[in-house]
Amino acid sequence: SIKAIESSSKEDDTTWLTYWVVYGVFSVAEFFSDIFLYWFPFYYAGKCLFLLWCMAPVSWNGSQVLYRSVIRPCFLRHHQTVDNVLGSLGTKA
């Protein structure tokens, strides 16, 4: 999905690919922190509002903001390592 977002041909799928990348990162983070977070009052209401903000049909929705400010810079710093690991896994498979 990140490779599709960063490709030169931009289509309507960019918005949803961005959402799915952010949702995937959120899901992984939630997997490890859910055991502590579910104790907080209104955690599930906050989670629902967060996901709605990520899907909102506006230019400043959560997916765009988080992708541009957090996920993309991290990916660009480490994309070579990710490509090498995925390449070696493909060779071994």
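Under an unreviewed UniProt entry, the protein chain has the name Receptor expression-enhancing protein and belongs to Trogon melanurus. According to UniProt, the comment filed for the protein chain under the heading Sequence similarities (unreviewed entry) is "Belongs to the DP1 family."

### Section: the packing of helix 3 (residues 43–55) against helix 4 (residues 62–92)
Running from N to C, helix 3 and helix 4 cross one another at 85 degrees; their axes reach a closest spacing of 5 Å. One finds that helix 3 runs roughly perpendicular with respect to helix 4. Within the contact between the two elements, helix 3 uses Phe-50, Trp-53 and Cys-54 and helix 4 uses Gly-62, Ser-63, Val-65 and Leu-66. Considering only residue class, the contact of helix 3 with helix 4 consists of five nonpolar, two polar and no charged.

### Details of the packing of aromatic side chains
For the structure shown, the criterion picks out eight aromatic pairs. Seen in terms of ring centroids, Tyr-19 and Trp-20 are 5.1 Å apart; in terms of plane orientation they differ by 70 degrees. Their pairing is edge-to-face. Ring geometry for Tyr-43 against Tyr-44: centres 4.9 Å apart, planes inclined by 65 degrees, an arrangement best described as edge-to-face. Through a chain of ring-to-ring contacts, three or more aromatic side chains come together here, namely Trp-16, Tyr-19, Trp-20 and Tyr-23.

### What about the pattern of salt bridges?
Applying the stated criterion across every chain, the model contains one salt bridge. The closest approach of N and O atoms between Lys-47 and Glu-30, which form a salt bridge, is 2.7 Å. Here Glu-30 lies in helix 2 (residues 13–37) and Lys-47 lies in helix 3, a separation of 17 residues in the sequence. For Glu-30, a relative accessible area of 12% puts it in the buried group.

Criteria and cut-off values
- Residues numbered from 1 in each chain as written.
- Predicted model: local features only at pLDDT ≥ 70, side-chain atom pairs only at ≥ 80, totals over all residues.
- Heavy atoms only, no water.
- UniProt positions renumbered as here; feature names shortened; annotations may be inferred.
- Axes fitted to C-alpha atoms, helices over the stretch in contact; angles between N-to-C directions.
- Helix = DSSP H or I, 4+ residues; strand = E, 2+ residues; numbered from the N terminus.
- Parallel < 35°, antiparallel > 145°, perpendicular 65-115°, else oblique.
- Contact = heavy atoms within 4.5 Å.
- Nonpolar A, V, L, I, M, F, W, Y, C, P; charged D, E, K, R; others polar.
- Phe/Tyr/Trp six-rings, centres within 6.5 Å; stacked < 30°, edge-to-face > 60°.
- Salt bridge = Lys/Arg side-chain N within 4 Å of Asp/Glu carboxyl O.
- Buried < 20%, exposed > 50% of the residue type's maximum accessible area, 1.4 Å probe, protein only.

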